[in-house]
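# Fold and contact review
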Amino acid sequence: MGFRLNVIRRASINARKAASKSAEVYVGEKHKRFVVPVCYLNQPSFQELLSQAEEVFGYDHPMGGLTIPCTEDKYRA
């Protein structure tokens, strides 16, 4: 019984750590929410989307996360 609880606790801690290393991104007209790993933010294709977001929104993102000004189809590609 104790071993099982430790495994569950470790899984819960790992899930919290993973969640803290992610960012919320809102995409499209309906502002669909995506959760992306923070390491994606350094990728050249994502940097391009961030530059577009800066041009459109500046640093004011009303949704609380990053708002990306593109369609969901383009974002998923």
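Use the structure listed above.
Remember, it's a predicted structure, so these values are computed and weren't measured experimentally. (Residues numbered from 1 in each chain as written. Predicted model: local features only at pLDDT ≥ 70, side-chain atom pairs only at ≥ 80, totals over all residues. Heavy atoms only, no water.)

### Re the layout of surface pockets
Considered as a void within the structure, the largest pocket measures approximately 210 Å³ in volume. Secondary structure elements with two or more residues in the lining of the largest pocket: helix 2 (44–57) and helix 3 (72–76). Element by element, the count of residues in the lining of the largest pocket is highest for helix 2, at 5 residues. The residue inventory of the lining of the largest pocket, partitioned by class, reads 5 nonpolar, 3 polar and 2 charged. (1 Å grid on protein atoms, 1.4 Å probe; cavity = no way out; pocket = protein on both sides within 12 Å on 5 of 7 lines; lining within 4 Å. Points joined across faces, edges and corners; volume = space filled by probe spheres on them. Helix = DSSP H or I, 4+ residues; strand = E, 2+ residues; numbered from the N terminus. Nonpolar A, V, L, I, M, F, W, Y, C, P; charged D, E, K, R; others polar.)

### Description of the pairing of strand 2 (residues 32–37)
Across a regular strand the side chains alternate sides, sitting on one face of the sheet and then on the other. As paired strands, strand 1 (residues 22–27) and strand 2 are joined by 6 bridges and run antiparallel to one another. If you follow Val-27 over to strand 2, its bridge partner there is Lys-32. Taking the residues between adjacent antiparallel strands as the criterion, strand 1 and strand 2 are bridged by 4 residues, where Gly-28 takes a positive phi near 85 degrees. (Pairing = 2+ DSSP bridges.)

### Some details on the nonpolar core
Counting 12 residues, the largest nonpolar core is built from Ala-23, Val-25, Val-27, Phe-34, Val-36, Leu-41, Phe-46, Leu-49, Ala-53, Ile-68, Cys-70 and Tyr-75. The set of elements that each furnish at least two residues to this core consists of strand 1, strand 2 and helix 2. If we skip the residues at most four places from it in the chain, Phe-34 touches Ala-23, Glu-24, Val-25, Val-27, Tyr-75 and Arg-76. (Core = buried A, V, L, I, M, F, W, Y, C linked by side-chain atoms within 4.5 Å. Buried < 20%, exposed > 50% of the residue type's maximum accessible area, 1.4 Å probe, protein only. Contact = heavy atoms within 4.5 Å.)

### With respect to helix 2
The end-to-end C-alpha separation of helix 2 is 20 Å, in line with the 20 Å expected for 14 residues at 1.5 Å each. Within helix 2 the residues assigned to the buried category are Phe-46, Leu-49 and Ala-53. Down the axis of helix 2, the buried set is contained in an arc of 55 degrees. They therefore lie on one face. Every exposed residue of helix 2 that faces more than 90 degrees away from the buried side is listed here: Pro-44 and Glu-55. The elements touched by buried residues of helix 2 are strand 1, strand 2, strand 3 (66–68) and helix 3. Phi turns positive one or two residues past the end of helix 2, at Gly-58, with a value near 70 degrees. (Expected span 1.5 Å × (residues − 1). Arc of directions from axis to C-beta.)

### Topic: the sheet that holds strand 3
Taken in spatial order, the 3 strands of this open sheet run 2-1-3, and their pairing is mixed. Each of the sheet's edge strands pairs with one partner strand only, and the pair in question is strand 2 and strand 3. For this sheet the average axis-to-axis angle between neighbouring strands, irrespective of direction, equals 35 degrees. Packed onto the sheet, helix 2 meets strand 1, strand 2 and strand 3 and runs at close to 95 degrees relative to strand 3. (Axes fitted to C-alpha atoms, helices over the stretch in contact; angles between N-to-C directions.)

### A word on the packing of aromatic side chains
Going through the model one piece at a time under the given rule, you end up with 2 aromatic pairs. Relative to Tyr-75, the ring of Phe-34 has its centre 4.8 Å away and its plane inclined at 45 degrees; by these criteria the two rings are tilted. Taken together, the positions of Phe-34 in strand 2 and Tyr-75 in helix 3 put the pair 41 residues apart, joining distant regions of the chain. This pair shows no difference in class: Phe-34 is buried, exactly as Tyr-75 is. Ring centres 6.4 Å apart and planes at 75 degrees place the aromatic pair Phe-46 and Tyr-75 in the edge-to-face group. Of this pair, Phe-46 sits in helix 2 while Tyr-75 sits in helix 3, and the two are 29 residues apart along the sequence. A relative accessible area of 15% means that Tyr-75 is categorised as buried. An aromatic cluster is built from Phe-34, Phe-46 and Tyr-75, whose rings are joined through pairwise contacts. (Phe/Tyr/Trp six-rings, centres within 6.5 Å; stacked < 30°, edge-to-face > 60°.)

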